[in-house]
Every structure is written in C-alpha cells, then in structure tokens.
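Inside the fold
Listed here are the chains, written in short residue letters.
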Amino acid sequence: MEPPSHVGDVLGLFRHRNELSRVEVIERSGLSRSTVNHRLSTLLETGLIRPVDGGESTGGRPSTRFAFNAERAVTLTADIGASGFVAAVCDLAGTPLRHLVQTIDVWEGPEPVLDLVEKAFTALSRTDEEVWGVGIGVPGPVEIAAGRVVNPPIMTGWDGFDIAGWVGLRYPGPVVVENDANSRAVAESRHSGSDNLIALKIGTGIGCGLVFNGQIVRGNDGAAGDIGHTRATSADERAPRPCRCGNNGCVEAYAGGWALQRDLTAAGVEVGSVADMVNLVLKGQIDAVRIVREGGRIIGEAVASLVSILNPATIVLSGQLAACDEILLPGIRERIYERALPLATRRLQLRRTRLGELGGVTGLALITADRLLEADSIDLTLANLAAPA
Ligand SMILES: [Zn+2]
C-alpha cells in the first residue's frame, strides 16, 4: 500500500491548477495509473479534492475531472500592525471569507493584543467550519522555528514571547508566525505570478518582505531586507535623526509614518495619527504632500540598493501610506531609476497593492495552507484528521 505522504505531490498539482482529469494527473506526475488512482481516492476520501460539476453520477460513470476543494477547512489569520489588526477566516486557497478590522496599540504587549485577536476569531467563526491552522503576522523580525519575535524595534514587551505556544493552546493545527511584510510578499507574489518580488509596507514603520524564486528570503536570522533600519543616504547631509530602534539616521527615522507625522507637526500642522496625515495628503494639504513626497525619495534611495543587489521583477507598495501612492511612488521611482543599474530596472514594475488591507491575511493563509498541505507535512495533517477528536 502507498504511504500517504506521497499524496502531497498529487495534491500540489491541483493546488496550482483549477481542474485536472485522471489522465492529466498521470501525465503531469509521471506516476502509473494505479498509483494515481490510489492517491486520487485518498484525496477524495479526505475531501481535499472533489469531482467537478457533479460528474460523479452522470450515467453511472465516475467523474474523470477533479479540483482542489479549498472549502474543505479554514485557517484563522491575524495580520497585526502597530496600530491595528485585520483578522480573517480564510479558505485553504488563501481567500479571506470573512474579516474584521480592530484598532489596537501594539505597545500594550502580547497578551492584551492576542486576547483581542482571539475575540475577533470567535466573532468570525462558524460552527460548520473546521479550523486546521492559524497564521499570525507581526510587525517585527520573527524567529520562524520558535514562532516568536526577536529584538523587535517597535514591539516593546513582545521580545521572546511565545506567540505560537499561546495560540497553540487555543486552536488545533499548526501555528505560523510570520513577519507582516513577508506575508504580504507571499500574497503579492502568488496573486501576480511574480516569483521575484519586493513588498514594501509603509505604515507607522517601514517593512520590507522579499520573495525570490517563489520563496521568502529571510537570511540567517530573519533580518534580511529590513531597509527601514539601514542608514538613510541623506542622513549625513542633515542632523542624524534618532530612530525607534535606538540607532540614529535610519531610513525609518526620516520616512516612516511616525517620522513624517513628527515632521508635519514640526511644520505647524498638528496631526494626531498616521491616518490623519494620510487624509491631509489625500486632500492636497501642501505641507503634508511635500513631506510625504520627500519621504518617498528617501525610501527610493534605500530600495535602489536592493534593486541593484536582487533584481526583482516587481515592487509592491502596501500599508497605510499606500493610499498616498500618487505622491509616494514618483519619489521612490525617481531615486530607483537614478541610482540602480539600468539592467535591473529595464523591466521593473512598481505599483500599489491590489489586495488592499487583506494582503497580510491572504499571505498568512497561503503560508499556513502550505504548512498543512505540502508534501512534507500532509502526512501529519491527514493523521490529525483520522485521529478521534
Ligand atoms: Zn532604526
């Protein structure tokens, strides 16, 4: 008898294509007819694939076409930012089915914030849906294996807190903890079919997620791509500004939402939040527009180095300041084209997200579904299914 671990390869074919016939599975997998029949029946039994269009019963002939059954179970995802989170129930294809947005202050620490996330999940949950896993996104560097944040510049009180352990006590299945910009990068990459992509999240802070060859680039310690805390090239021309991370002259200390808000207030325009500043920009307030445009140039200088080093196909802008893309993107574009290698910018696409505020939860749902359904993990998922509740 086939070990069930191998059904992941066949399931993978369905997750990447909408519908396949038995013959197509044989052709694409290179497996024998009897092996494919066995794997298809395992996947049908577990409900992970389904016959298409009720073909099962027509004329008594079994259907020969099947599709991934993304509705088989759900994942719960929460994309936590500095000033709010989006919580969502998603299907196994990473599509948010229902979501809500909650204002928080991430400085309050992990337990008050995660309590609110749990309440949001309860409000969104339905008793007829099976929860198979949970994905939590955080605005800081993540130690992936341990499911906790490490040395977060802005998440006071979260350093070393066992997020995965806390969530795992409350929900079944694996718990994925991921950096917020990385989860956005995965969502943007899968949705645009771009395997080499940089996701910039510009909100209160500046996040940057890298997906290359279709995989998240984390580096050795989860710190790869964190351009917000590299030194701004223009820092030397002015008095170096103190950053939230404890250093001076970081890109974020000039161009993060908190820094732009500080500069706007210093220019005599009192704004209470990054959201208020964004509203002023959208209304065309002259100081707000000038300050955000200049912030775009500073971000562009940092991104230009990344473009030369990594040669992405796409750069996608998300976060609260993405609403100001018409002011922000020209400055970013100007500096990239001025400073990066022409070969690296020849086919470069720079654009605002099309996923809106759901980019983070979408990416978390995709990463959690990978954790459940990929060839090396589906064994455990199916074993948990078979175990009595
Ligand atoms: Zn910094």
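The notes below deal with the structure included here. Computed from a prediction, not measured in an experiment: that's the story for all the values here.

1. Considerations on the nonpolar core
By size, the foremost hydrophobic cluster in this structure holds 46 residues, and its most contacted members are Leu 200, Ile 299, Ile 315, Leu 321 and Ile 336. Counting residues per element, the ones that place at least two in this core are strand E11 (197-202), strand E12 (206-212), helix H7 (252-255), helix H8 (257-266), helix H9 (274-282), helix H10 (286-310), strand E14 (314-318) and helix H11 (325-339). In terms of residue count, H10 provides more of this core than any other element does, 11 residues in total. Sequence-distant contacts of Leu 200, that is, excluding residues within four places in its chain, are made with Gly 207, Cys 208, Ile 227, Ile 299, Val 303, Ile 315, Val 316, Leu 317 and Ser 318. Residues Leu 76, Ala 82, Val 113 and Met 155 belong to the second largest nonpolar core, which totals 32 residues.

2. Some words on the coordination of the zinc ion
Distances from the zinc ion to its protein donors, His 229 (ND1), Cys 243 (SG), Cys 245 (SG) and Cys 250 (SG), fall at 2.0 to 2.3 Å. Look at where the donors of the zinc ion fall in the sequence and you get H-x13-C-x1-C-x4-C. Of this pair, His 229 sits in the loop between strand E13 (215-216) and H7 while Cys 243 sits in the loop between E13 and H7, placing them 14 residues apart in sequence. Using a relative accessible area of 10% as the deciding quantity, one classes Cys 243 as buried.

3. Regarding unusual backbone geometry
One non-glycine residue, Asn 213, lies in positive phi territory at about 50 degrees. The residue Asn 213 is located in the loop between E12 and E13 in this model. Here the phi dihedral of Asn 311 falls at roughly 55 degrees; this positive angle occurs in a residue that is not glycine. Along the chain, Asn 311 turns up in the loop between H10 and E14. In this structure Asn 311 comes out as partly exposed when scored by relative accessible area, which is 43%.

What counts, and where the lines are drawn
- Residues numbered from 1 in each chain as written.
- Predicted model: local features only at pLDDT ≥ 70, side-chain atom pairs only at ≥ 80, totals over all residues.
- Heavy atoms only, no water.
- Core = buried A, V, L, I, M, F, W, Y, C linked by side-chain atoms within 4.5 Å.
- Buried < 20%, exposed > 50% of the residue type's maximum accessible area, 1.4 Å probe, protein only.
- Helix = DSSP H or I, 4+ residues; strand = E, 2+ residues; numbered from the N terminus.
- Contact = heavy atoms within 4.5 Å.
- Donors = N, O, S within 2.8 Å, 3.2 Å for Na, K, Ca; no water.

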